[in-house]
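So you can see what is in the structure, the chains are spelled out below.
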Amino acid sequence: GFILEQSNQLEQKQKQRRGVFLGFASLIFVYWAAMAPLSYNTLLLQDSGFSSAEVGSIMAMFAAIGIIAPPIWGYIADRIHSAAKTFILVFGIQAIVIASLPLFGGLKIGGFILLALAMPLSNFVRNCSQNLLDSWTMHSVNRVGVPFGSVRLFGSLGWTVSCVVMSMLASMTNVSIAFYLAGIFSVITCAMALRLDRKYPSHQEEAPMEKAVETAKKLNPFRLFKNYYFVVLLGYVLLSQMMFNCTTTFMPYLLEHLNIDSNFTGTVMGLRSLTEVPFLLMGGMLLRRITLPKL
């Protein structure tokens, strides 16, 4: 009887692991498919008549909003004790916002194209959703012993497939199709996230907010700058992101210079994301052999 009970428990754990793996792998695949129009921001701005200098300025504001948004949504997630529910809220808003962006390209007030304002503001609910999904996923998969990298790699695959398909459709129609499709994918993502949250609730611990606020008041974030390793890492991240974001923003101009249809920006960006897959697969194995700072 004891052996049978142990066997049943093991079978239940394996079944739960498979369910969590398949659930989050599918969600992350569709999520990154919905995020593919990040590769088409520049093309949409170009189609709306903005110069390369204006595109650079608008995308700088886009990045600035991306710095402000994550702490705000993170605070909301802490208040309601659920990264999952906050993610669903954010992505529900994104479904409407992202599908509306092409419409703003055709709206003007006194010669001012509203897309110049709508594009940066859209990042209040776009990039920050990744932090929420990663937090929810890591909390859930670690609880059942599923490696995060093996789940996250489906995001790279989803991004690649979506970017390539959207490139083909954009070359046949126009770049707006990518944003309309992303709106549909966002709705699907929300529906999947709702179902997954009901099936595998996160059980996030509810620490008293008063205690958390008091602790936060005592913390001095500037103390971090006395830590040599933190400063070096911060400098590295700033430089790498500066170069990465610039190449992403100006990729369509490079393709045009090479006499390649700029609508294939998505294909280039999609294939580039495939290079993440080997490292995500090897991540767990490498961490067992190499410490995280060295890796």
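Basis of the calculations
Residues numbered from 1 in each chain as written. Predicted model: local features only at pLDDT ≥ 70, side-chain atom pairs only at ≥ 80, totals over all residues. Heavy atoms only, no water. pLDDT = per-residue confidence, 0-100. Contact = heavy atoms within 4.5 Å. Patch = residues over 30% accessible without salt bridge, like charges linked within 9 Å, V, L, I, M, F, W, Y side chains within 5 Å. Areas by Shrake-Rupley, 256 points an atom, 1.4 Å probe, with all protein chains shown as cover. Salt bridge = Lys/Arg side-chain N within 4 Å of Asp/Glu carboxyl O. Helix = DSSP H or I, 4+ residues; strand = E, 2+ residues; numbered from the N terminus. Buried < 20%, exposed > 50% of the residue type's maximum accessible area, 1.4 Å probe, protein only. Phe/Tyr/Trp six-rings, centres within 6.5 Å; stacked < 30°, edge-to-face > 60°. Axes fitted to C-alpha atoms, helices over the stretch in contact; angles between N-to-C directions. Parallel < 35°, antiparallel > 145°, perpendicular 65-115°, else oblique. Left-handed = near helix turned anticlockwise from the far one by under 90°. Nonpolar A, V, L, I, M, F, W, Y, C, P; charged D, E, K, R; others polar.

Interpretation of this model should avoid reading the predicted coordinates in detail wherever pLDDT is low. Confidence in the prediction for the chain averages 83 pLDDT; 90% of positions are at 70 or higher. In this model residues 204–210 is a low-confidence stretch, pLDDT under 50, and it forms 11 contacts with partners more than four residues away in sequence or in other chains.

Take a nonpolar patch on the surface next. On the surface, a nonpolar cluster with roughly 570 Å² of combined accessible area is contributed by Phe222, Leu224, Phe225, Val231, Leu234 and Leu238. In this fold, leucine 234 is placed in helix H10 (residues 228–257). Judged by its relative accessible area of 30%, leucine 234 is partly exposed.

This part takes up the environment of threonine 267. Within the secondary structure, threonine 267 is located in helix H11 (residues 265–273). The class for threonine 267 is buried, based on a relative accessible area of 17%. Discounting residues that sit within four places of it in the chain, threonine 267 has contacts with Cys163, Val164 and Ser167.

Taken as a whole and assessed by the stated rule, the structure comprises 12 aromatic pairs. A centroid spacing of 5.8 Å and a plane angle of 55 degrees characterise the contact between tyrosine 31 and phenylalanine 87, whose relative ring orientation is tilted. Taken together, the residues tyrosine 31 in helix H1 (residues 2–34) and phenylalanine 87 in helix H4 (residues 83–104) connect sequence positions 56 residues apart. Classification of tyrosine 31 by relative accessible area gives buried; the value is 0%. Taking relative accessible area as the criterion, phenylalanine 87 reaches 0% and is therefore assigned buried. Aromatic pair tyrosine 228 and tyrosine 229: ring centres 5.3 Å apart, planes at 80 degrees, arrangement edge-to-face.

Between helix H3 (residues 52–80) and H4, whose axes approach to 8 Å, the crossing angle comes to 135 degrees. Compared by their axis directions, H3 and H4 come out oblique. For the pair H3 and H4, the sense of crossing is right-handed. Where H3 approaches H4, its residues Trp73, Ile76, Ala77 and Ile80 are matched on the opposing element by Ala83, Lys85, Thr86, Leu89, Val90 and Ile93. For the contact of H3 with H4, the per-class residue count stands at 8 nonpolar, 1 polar and 1 charged.

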